There are 4 protein chains.
Amino acid sequence: MDLLDRSYPSRRAELKRSILRAALDCFNTQGIEATTIEMIRLACDTSVGAIYHHFTNKEGLVAALFFAAMEDQSALRLEYLEAAQTARDGVNALVFSYIDWVANQPDWARYQFSARAVVANGPHKEELRERNRVRNQQLQQYFAQLGVGEGMAGLPPELVPSLIIGSSESYCRAWLSGRVQQNPTAYRELLADAAWRSLGAG
Amino acid sequence: MDLLDRSYPSRRAELKRSILRAALDCFNTQGIEATTIEMIRLACDTSVGAIYHHFTNKEGLVAALFFAAMEDQSALRLEYLEAAQTARDGVNALVFSYIDWVANQPDWARYQFSARAVVANGPHKEELRERNRVRNQQLQQYFAQLGVGEGMAGLPPELVPSLIIGSSESYCRAWLSGRVQQNPTAYRELLADAAWRSLGAG
Amino acid sequence: MDLLDRSYPSRRAELKRSILRAALDCFNTQGIEATTIEMIRLACDTSVGAIYHHFTNKEGLVAALFFAAMEDQSALRLEYLEAAQTARDGVNALVFSYIDWVANQPDWARYQFSARAVVANGPHKEELRERNRVRNQQLQQYFAQLGVGEGMAGLPPELVPSLIIGSSESYCRAWLSGRVQQNPTAYRELLADAAWRSLGAG
Amino acid sequence: MDLLDRSYPSRRAELKRSILRAALDCFNTQGIEATTIEMIRLACDTSVGAIYHHFTNKEGLVAALFFAAMEDQSALRLEYLEAAQTARDGVNALVFSYIDWVANQPDWARYQFSARAVVANGPHKEELRERNRVRNQQLQQYFAQLGVGEGMAGLPPELVPSLIIGSSESYCRAWLSGRVQQNPTAYRELLADAAWRSLGAG
DNA sequence: GATGAATGAGCATTCATTCAT
DNA sequence: CATGAATGAATGCTCATTCAT
């Protein structure tokens, strides 16, 4: 099922969905700043007014799209994490959910990379901060439950996320921008193993 | 010595330097798109005409700044790599040079992150591609010399750069955007060790 | 009793009244042009459609408000004039009714000043002209009855209204915009005396 | 000599003058809010950019025009006042300078009436307040010199300006909007006499 | 009658770029 | 070489008004 159908499932939200889809396409193709409201309007055949009615702003549209991606990614992560029993399972869940989400929603992933800076400096920066705070808290709880951090004594907590996800993110970026060819899912296991080793928890 | 004094060392280039410095400040503070030529003019007290005389247009200024950063970073990497004897030395050289450069030139590093997408889609995309090609070739040569890749048989070559530098890059991004506090140089060794372990070459 | 209750006394007109009151507030606070239908809707908690149902369009609302003020002011003037016996009484009636109305309905007076130009150039300009014509005729009749104009021989008729009401209007404007402090009713007698003297009819 | 030539006499300010003249015409013909920058641009055959270069804003243009009128009117008033010896002379100077200015610059006078409210609520409200303060102070000085206020003991000072100028202003407004036909200069003496009588200083 | 989503013409404003001086 | 006034296409956004439900 499509990401947007998950986020806006009702019938009445059809227009909203079609605006978002058109915006995603335009933003990814032309770049966020280079995309004009008129381009989006053309792409989904509505009126300028309708776009503003539903999203207030160009920045509101950018943010709505970004938060939709964030939530979808979060949902997959939680799903994977719920099945995890051990610390190693947890690391796998993070790496796999990250890679699978990017590989399945490359457009949304691409958008997420380019929109983050925009949202983080725009009028929705507070909402972003808050969502990040909540997400980090949830992750900490999960990892506390799993006893992660014990095996990797000595590693500063603020370093751990980079060790777990850094390589995957780096490869996914390279893939999305065409610098490497192979689909990241082909390296799921390698990247999860490498992340685990990098934690020195072997 | 300052990055710009290295790149534009002559006396006559003083104006060029002061424009670049002002532009860097503005771009980092306001964002590249949000910065107007007028803002830069104000910040370095020249005329619009002078800016256009030296850099042709805004994208020329963005690119000049980006390539200056790239070259400075390259120079440090080469310096570190020249002292490397073993594969492990090479990994350390990459990680250390990356971290040290970011930590010493945080403004340039910040700019590099935000400008890459702009340059990669602007009129200087070819020059960027070419520079990347040259850099990758150099790196490959160095690593071939050091016999890197032998100990890590089985790892796809296109994955290796992400394994080496991914975590460091991830942490540096987090540091530049204030999400973590500790200066990345504090974790130089930890990150290099983790990178080495992640390669499975222990 | 409230101006609007006088103009729209029935129970069924409650909504109409609440729209007018909200519009008056908004127009005075933000200015007529700066006030949007949406602001008015918010202020009286109806729907856009309801406003258009009752007043056809924004200019209809502006005019309805203006004519309501005009009628209320007219009613008071007639009331005062009906008690007048002499020319001097007539001048007093005009000055006092003007001042008392402004002092008792400052919001409506303020609105009247700012709306006149709008109505006089909008689609209701004819209605305004007609109402003015009728009012002037009535005044002329009253003054003819009282024999006004005899004592002040030599004064051009078109100058007389300005001599009678000019100073009061000037002071009331100053009071409404905060340039003077004292309530105009404090100067009722002084202004009426001055008007009388200015007619040279002493 | 034209009002604008007095305010912007240099050769280089030619464009500025032509913009102001075009704006005055448009504002008076269509109304300030109804006038678009494009209309003004057409009327003086420049570019939008030039208008913004010289006046920053539509509101800047409105204010520049308003202050130019104010200064021109002030200059005439000072000129007339300088020749005054007695209180009666002073009253005449105020009434005559007011009437003469309106009659000689009807477009500027009309504009002044409609622009005052806009400027008083716009971003230049402070400048307007300050200019008013200075003007009032000057007037007070002049009248103190002339011993005005002595003969009219008992009249509250804040009422005096309305008594002096109220009737003239009222008649001028009526003339500018076509409600009366006779040019106000025809009634200069009558209005000055009436003002003097209204002060009760006879 | 009431509602409010949808419409789209219209506007102020910006800003990279040029070029006469 | 330097200057900065002038250009004008392009854009985000507003808001009165309509009309299907």
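Rules used in this analysis
Residues numbered from 1 in each chain as written. Chains lettered and ligands numbered in written order. Predicted model: local features only at pLDDT ≥ 70, side-chain atom pairs only at ≥ 80, totals over all residues. Heavy atoms only, no water. Helix = DSSP H or I, 4+ residues; strand = E, 2+ residues; numbered from the N terminus. Rg over C-alpha atoms; globule rule 2.2 N^0.38 Å. Buried < 20%, exposed > 50% of the residue type's maximum accessible area, 1.4 Å probe, protein only. Contact = heavy atoms within 4.5 Å. Buried area = accessible area lost by both parts, 1.4 Å probe. Salt bridge = Lys/Arg side-chain N within 4 Å of Asp/Glu carboxyl O. Polar contact = N/O pair within 3.5 Å; in protein donor to acceptor, adjacent residues only side chain to side chain. Axes fitted to C-alpha atoms, helices over the stretch in contact; angles between N-to-C directions. Parallel < 35°, antiparallel > 145°, perpendicular 65-115°, else oblique. Least-squares fit on C-alpha atoms with pLDDT ≥ 70 in both. Lys, Arg positive; Asp, Glu negative; His and termini not counted. Near = heavy atom within 4 Å. Nonpolar A, V, L, I, M, F, W, Y, C, P; charged D, E, K, R; others polar. UniProt positions renumbered as here; feature names shortened; annotations may be inferred.

(A) Representation of the overall build of chain A in the model. The helix and strand tally for chain A stands at 10 helices and 0 strands. Listed by position from the N terminus, the elements making up chain A come as α-α-α-α-α-α-α-α-α-α. Computed over its C-alpha atoms, the radius of gyration of chain A comes to 18 Å, within 12% of the 17 Å expected for a compact globule of 202 residues. By principal-axis analysis of the C-alpha atoms, chain A measures approximately 60 × 35 × 30 Å. With 202 residues in all, chain A has 49% of them scored as buried. In chain A, the share of contacts with a sequence separation of at least 24, taken over all contacts with a separation of at least 6, comes to 69%.

(B) Fine view of the interface of chain B and chain A. Of the residues lining the interface, 24 residues belong to chain B; the matching set on chain A comes to 24 residues. Taken together, the two surfaces of chain B and chain A that pack against each other cover about 2,100 Å², and 59% of this comes from carbon and sulfur. When the buried surface of chain B facing chain A is broken down by residue, Glu158, Leu159 and Arg197 of chain B rank first, second and third, together holding 25% of it. For the pair chain B and chain A, the interface holds 0 salt bridges. Applying the counting criterion to the chain B and chain A interface returns 15 residue pairs in polar contact (both at pLDDT 80 or more). The set of elements that each furnish at least two residues to the side of chain B that touches chain A consists of helix H9 (160-176) and helix H10 (188-198) of chain B. The element that contributes the greatest number of residues to the side of chain B that touches chain A is H9 of chain B, accounting for 8 residues.

(C) Looking closely at the packing of helix H2 (residues 14-30) of chain C against helix H5 (residues 58-82) of chain C. All names here are of chain C. Where H2 contacts H5, the two axes come as close as 10 Å, and the packing angle between them is 95 degrees. Accordingly, the angle class assigned to the pair H2 and H5 is roughly perpendicular. Contact residues: H2 offers Ile19, Leu20, Ala23, Leu24 and Phe27, while H5 offers Lys58, Leu61, Val62, Ala64 and Leu65.

(D) Summary view of the relation of the copies chain C and chain D. With an RMSD of 0.1 Å, the operation that places chain C on chain D is a rotation of 180 degrees combined with a shift of 0.0 Å along the axis. What we have between these two chains is a two-fold relation. The residues that chain C uses at the interface reappear at the interface of chain D in 100% of cases, marking a shared surface.

(E) Structural context of the side chain of Arg77 of chain B. All names here are of chain B. Turning to its location among the elements, Arg77 is positioned in helix H5 (residues 58-82). It is Glu169 that comes nearest to the buried, bridge-free Arg77 among opposite-charge side chains, at 9.8 Å. Other than its neighbours up to four places away in sequence, Arg77 contacts Leu94, Ser97, Arg135 and Leu139.

(F) Region of the structure containing the pattern of salt bridges. One pass over the structure, following the stated rule, counts 46 salt bridges over all chains. Where Glu189 of chain A meets Arg188 of chain A, a salt bridge forms, and the shortest distance between an N and an O atom there is 3.8 Å. Between Arg133 of chain B and Glu130 of chain B there is a salt bridge, with its nearest N and O atoms 2.9 Å apart. You can see Arg133 of chain B and its partner Glu130 of chain B sitting in helix H8 (residues 125-145), 3 residues apart, about one turn around the helix. Take Arg133 of chain B: its relative accessible area is 44%, and that puts it in the partly exposed class. Among the residues examined, Glu130 of chain B registers a relative accessible area of 38% and is labelled partly exposed.

(G) Main features of the protein's contact with DNA strand F. Around DNA strand F lies a shell of 29 residues, among which Ser47 of chain B, Ile37 and Tyr52 of chain C together with Ser47 and His54 of chain D are the nearest. Taking the atoms of DNA strand F that fall within 4 Å of the protein, sugar and phosphate contribute 70% of them. One of the side-chain N or O atoms of Tyr52 of chain A is found 3.1 Å from a phosphate oxygen in DNA strand F. Ile37 of chain C is positioned with one of its backbone polar atoms (N or O) 2.9 Å from a phosphate oxygen of DNA strand F. Residue assignment for the surface near DNA strand F shows that the elements contributing at least two residues are helix H4 (48-55) of chain A, helix H4 (48-55) of chain B, helix H4 (48-55) of chain C together with helix H4 (48-55) of chain D. Per-element accounting of the surface near DNA strand F gives the leading share, 5 residues, to H4 of chain D. Residues that form the surface near DNA strand F fall into these classes: 11 nonpolar, 15 polar and 3 charged.

(H) Region of interest: the UniProt feature "domain: HTH tetR-type" (unreviewed entry) in chain A. The feature "domain: HTH tetR-type" (unreviewed entry), as annotated in UniProt, sits at residues 13-73 of chain A in this numbering. Taken as a whole, residues 13-73 of chain A contains 80% helix and 0% strand, while its terminal C-alpha atoms sit 21 Å from one another.

(I) Examining the environment of Phe67 of chain D more closely. All names here are of chain D. By the secondary structure assignment, Phe67 is in helix H5 (residues 58-82). Look at Phe67 and you get buried, because its relative accessible area is 6%. Placed 60 residues apart in sequence, Phe67 and Glu127 show a C-alpha to C-alpha distance of 9.3 Å. Not counting chain neighbours up to four residues away, the residues in contact with Phe67 comprise Val119, His124, Glu127, Leu128 and Arg131.

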